[in-house]
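Listed below, chain by chain, are the residues.
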Amino acid sequence: MTQLGWAELQFGVTTVFHFFFVPVTIGLAFLIAIIETIYVRTKDKVYRDLAKFWGHLFLINFAVGVVTGLLQEFQFGLDWATYSKFVGDVFGAPLAVEALAAFFLESTFIGAWAFGWDRLSARAHAVTIWLVALGTSLSAFWILTANSWMQEPVGYVIRDGRAVMTSFGDILTNPQLWVEFPHTEIAAILTGSFFMLSISAYQIWRKKNVEAFSRSFKISTIVAAITSVLVIVIGDAQAAHLVKAQPMKLAAAEALWNTSSQHAPWSVVAIIDAKKHTDPFQIQIPEMLTILAYKRLSGAVEGINQVQAQMVHQYGPGDYIPPVAVTFYSFRTMIFAGTAMLALAYYALYLLKKNRFTQKTWFLKVLTWAIALPYLANSAGWIMTEVGRQPWVVYGLQLTEQGVSPTASVPALDIELSLLGFLVFYSAMAYAAVHLWKKAIAEGLDPDPELQHKPTESSDLFVGTGGVAR
Amino acid sequence: MWLRELWFVLVGILFTGYFILEGFDYGVGMLHPFLNHTDLERRASLNAIGPIWSANEVWLVAAGGALFAAFPYWYATMFSGFYLALILILLALIVRGVGLEYRSQDKSPKWRATWDWLIFSGSLLTTILWGMAFANLVRGVPINGHMVYVGNFGTLFNGFSLWAALTFILLFLTQGGAYLAIKGDSRSRKHGKMVAQRTVWPALIALVIWFVWMDRLPSSAGHVDTLAILLQVVAVLALVLARFASYLTKNGWTLVLFSVSIASTTFSIFRILFPRVMVSSLNPAWSLTIYNASSTSYTLDIMSVTALIILPIILGYQSWLYWTFRKPVNDEELGY
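Calculation rules
- Residues numbered from 1 in each chain as written.
- Chains lettered and ligands numbered in written order.
- Predicted model: local features only at pLDDT ≥ 70, side-chain atom pairs only at ≥ 80, totals over all residues.
- Heavy atoms only, no water.
- Contact = heavy atoms within 4.5 Å.
- Buried area = accessible area lost by both parts, 1.4 Å probe.
- Salt bridge = Lys/Arg side-chain N within 4 Å of Asp/Glu carboxyl O.
- Polar contact = N/O pair within 3.5 Å; in protein donor to acceptor, adjacent residues only side chain to side chain.
- Helix = DSSP H or I, 4+ residues; strand = E, 2+ residues; numbered from the N terminus.
- pLDDT = per-residue confidence, 0-100.
- Phe/Tyr/Trp six-rings, centres within 6.5 Å; stacked < 30°, edge-to-face > 60°.
- Buried < 20%, exposed > 50% of the residue type's maximum accessible area, 1.4 Å probe, protein only.
- Lys NZ or Arg CZ within 6 Å of the ring centre and 35° of its normal.
- Axes fitted to C-alpha atoms, helices over the stretch in contact; angles between N-to-C directions.
- Parallel < 35°, antiparallel > 145°, perpendicular 65-115°, else oblique.
- Left-handed = near helix turned anticlockwise from the far one by under 90°.
- Nonpolar A, V, L, I, M, F, W, Y, C, P; charged D, E, K, R; others polar.
- Lys, Arg positive; Asp, Glu negative; His and termini not counted.
- Pairing = 2+ DSSP bridges.
- Core = buried A, V, L, I, M, F, W, Y, C linked by side-chain atoms within 4.5 Å.

A word on the interface of chain B and chain A
Opposite the 87 residues of chain B that make contact, chain A presents 88 residues. A combined buried area of about 7,800 Å² lies between chain B and chain A, and 70% of that area is made up of carbon and sulfur atoms. At the boundary of chain B and chain A, one finds 0 salt bridges. In this assembly, chain B and chain A are joined by 23 residue pairs in polar contact (both at pLDDT 80 or more). Elements with a minimum of two residues in the side of chain B that touches chain A: α2 (39-49), α3 (53-70), α4 (72-81), α5 (83-102), α6 (109-139), α8 (186-215), α10 (251-273) and α11 (297-324) of chain B.

Structural data, given as structure tokens:
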């Protein structure tokens, strides 16, 4: 494999891994904030115990999310230095604002939240988790501002061989941002609610603190029911936006080699022959792709071959086709996982209304395993977005192969060594996180008192304490 | 355009904030396995930094973000150039951060011993590598006329950078000790004070030698001015005063003075660099400066407005955090 290939693999591996921990952080912070607010309102201790339980799982997750996020910020300079030089004037700003306006907020208040149970008033303590939730969501906003610019560059000119910002306002009102951010944010809240729903279902199934976990079951079901609809509605808008913004990605996501008729069908599954530019086998729903793309009954969708020809005309000779099978199947994985979550959430809601959810053992088991669904959907969605943009790193402006760090600074061997390091460390962290999750879930609401976060008291900071003995 | 100068100073401030604040954390991390013999003692020292370490680490994230936005060529050249060193920093920060959160969540002695060792190594390695990285910025590294680093990992190892690593270790140990002297449980307060007092003289000697060495580097010629010398004198004097404050058991002042020493040291590095940000050892004309490595004035405008609004808010709530958790760790009650 080439240096470029290793750099791409490293980016993919580390980013997918990071994205395993981030959406659940965003969603769970929001749900814990709701639970703690109910506690402040009702003074019902069960909600406090629940907030602590979910908070414990949250902190295990947060630790990995934060430390892997460090790499995310620096790897543009590490592996993609030429890209960083080319786009730094535009792309660096949202990243810097993310650090200043969002990451500071969440990292500061998470410490206050974890250690502040008895140090802060109940109300102030609830405010800290809301600030964490706000911080994580703002963080997502600024990162996606940067990512949206890679998908659809706006508010810049090219001067002296680099992209130069001309309008920060345009970057903030990028149409891509306003479909990508709501979709990702709501998907994150859906992830948090499925995380909570699955684990609550598991606890109810094994009859551990059933009364308490029924409450988190209820809260997460309601949130999942709302967000699973919204995520599809906005996801649909995002896909429809591709018709204008990235026709190649849309064509690849549909494995549509040639421009369709005015009544395009949607392929549920397909066997894809990327060499011959054909799909030897497919199962299709008539009219569906036209409806999805245009929200009306007629309209042709451009095919890969035709978009390729246009791009050759516009950008010069080259292969502008992304890996079609990967784009097609990651798109479908996301859609099927999303639909499954919708169905499960509404069946749970139905059982909740009938007040029968604690008895449906089979369904509780299904929900427990359904914890995989949001992770599957998130990873697939991200892969579709990034792989579908290839061969561009900045759509229409810079090819991925032009963005990689110079081999004189970063030879392939360096990337191989570091990738090996990340694989070892990331696996160990994932193992440790899962180990602690299993332990915390097994303990339920009655953990080992020795491992609890407790307050600390004694003398003041800037007063000579007169020695150390007390 | 004075905005480049402003951002050079802001990047300097962000790195200074990072070194002062994580100076406690890395110091405590390096002391962790040695000062604390029983498990309870170990938990106490981790509890001292528990509520604040993630808030402290963000200063690095902010410094990185500011580098990218304000000086993209500096960001790109430094991070791709110091590739393996920075990968090691990241790996060290990863195990250290996870270790702090995970270490006490399982009672198995093997689990805890593993994380103790990782917290120690992560803290030590990060300290060493940042010392080396900053030393090499001033000393100069092979950068060609296209702002491309053409050295390798081995290039970063030289007498000057290794001495910087030693100096950083000693400075952070004094800082960690002084912090524990305030925030630890009764036993680690005593040990923290002892460490701060015993490491202050070696730290002072290391620092003086390093300053003299830095001021005489060929790359520093013409850049060591009165202000740089003044900052170095302040850094050394602050250590002397800190030792005195510690003797009088003014623990808060000891910590403040150690922080002043770290701040002055960092500022003096930035002062000697100015207006360069990375020195080329191949040809002084190929050095990266705030003029050839920066973003355009529009981006700097946007960033300046944002930073000037947000930084005071950040300082406000971080002060609140330190105020809320100003009490030392209680001997009986532990979070980690």
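Things to note about the environment of A:P322
Structurally, A:P322 can be placed in the loop between α10 (304-315) and α11 (324-354). Apart from the residues within four sequence positions on either side, A:P322 is in contact with A:M248, A:A252, A:T327, A:V387, A:G388 and A:Q390.

Digging into the confidence of the model for chain B
All names here are of chain B. Of the residues in chain B, 98% reach a pLDDT of 70 or more, and the chain-wide mean stands at 90. Within chain B, α4 carries the highest mean pLDDT (94), whereas α2 carries the lowest (81). Reported for the predicted complex are a pTM of 0.89 and an ipTM of 0.87.

Overview of the packing of aromatic side chains
In the structure shown here, the tally under the stated rule is 69 aromatic pairs over all chains. Between B:W130 and B:F134 the ring centres are 6.1 Å apart and the planes differ by 50°, which places this aromatic pair in the tilted class. A residue pair is termed a helical-turn pair when its members lie 3 or 4 positions apart in one helix, as B:W130 and B:F134 do in helix α6 at 4 residues. According to the relative accessible area criterion, B:W130 is buried, its value standing at 2%. Their ring planes at 15° and their centres at 5.5 Å tell us that B:F160 and B:W210 sit as a pair that is stacked. Linking B:F160 in helix α7 (residues 159-183) with B:W210 in helix α8, this pair joins segments that are 50 residues apart in sequence. Neither residue differs from the other here; B:F160 and B:W210 are each classed as buried. The structure contains a cluster of three or more aromatic residues connected by ring pairs, namely B:F8, B:F15, B:Y18, B:F19, B:Y26, B:W130, B:F134, B:F168, B:F172, B:F270 and B:F274. When the ring centre of A:F328 is taken as reference, the NZ or CZ atom of A:R332 above it lies at 3.7 Å.

Overview of the packing of helix α1 (residues 3-42) of chain A against helix α2 (residues 45-78) of chain A
Residues and elements named next belong to chain A. It is the contact of α1 with α2, at a shortest axis distance of 7 Å, that shows an interaxial angle of 150°. What the angle tells us is that α1 and α2 run roughly antiparallel. As for how α1 packs across α2, the hand of that crossing is left-handed. Looking at the contact of α1 with α2, its residues break down into 19 nonpolar, 13 polar and 3 charged.

Side note on the side chain of B:S261
Residues and elements named next belong to chain B. Residue position: S261 is located in helix α10. Within polar-contact distance, the side chain of S261 engages the backbone oxygen of A235 at 2.9 Å. Setting aside residues up to four positions removed in sequence, S261 forms contacts with L171, L207, A235, A238 and L239.

Looking at the side chain of A:D414
Mapped onto the fold, A:D414 is located in helix α15 (residues 412-443). Buried within the structure, A:D414 lacks any salt-bridge partner; A:K85 is the closest side chain of opposite charge, at an N-O distance of 15 Å. In this structure, A:D414 is in contact with A:S409, B:Y83 and B:L84, ignoring residues within four places of it in sequence.

Quick notes on the pairing of strand β4 (residues 278-285) of chain A
All names here are of chain A. Relative to β4, strand β3 (residues 266-273) runs antiparallel, the two sharing 6 bridges. Considered in β4, the bridge of D273 is made with T278. Connecting the antiparallel pair β3 and β4 is a turn made up of 4 residues, with H277 showing a positive phi of about 55°.

Here's the deal with the nonpolar core
Judged by nonpolar contacts, the single largest core of 255 residues is most densely connected at A:W54, A:F217, B:F15, B:W74, B:F82, B:Y102 and B:W130. Considering each element in turn, this core owes the most residues, 21 residues, to helix α3 (residues 81-115) of chain A. Ignoring any residue separated from it by four or fewer positions in sequence, one finds A:W54 in contact with A:L28, A:I32, A:I35, A:F195, A:M196, A:I199, A:S200, A:F213 and A:S216. Core analysis: the second largest hydrophobic core is formed by 17 residues, A:M248, A:A251, A:V324 and A:W392 among them.

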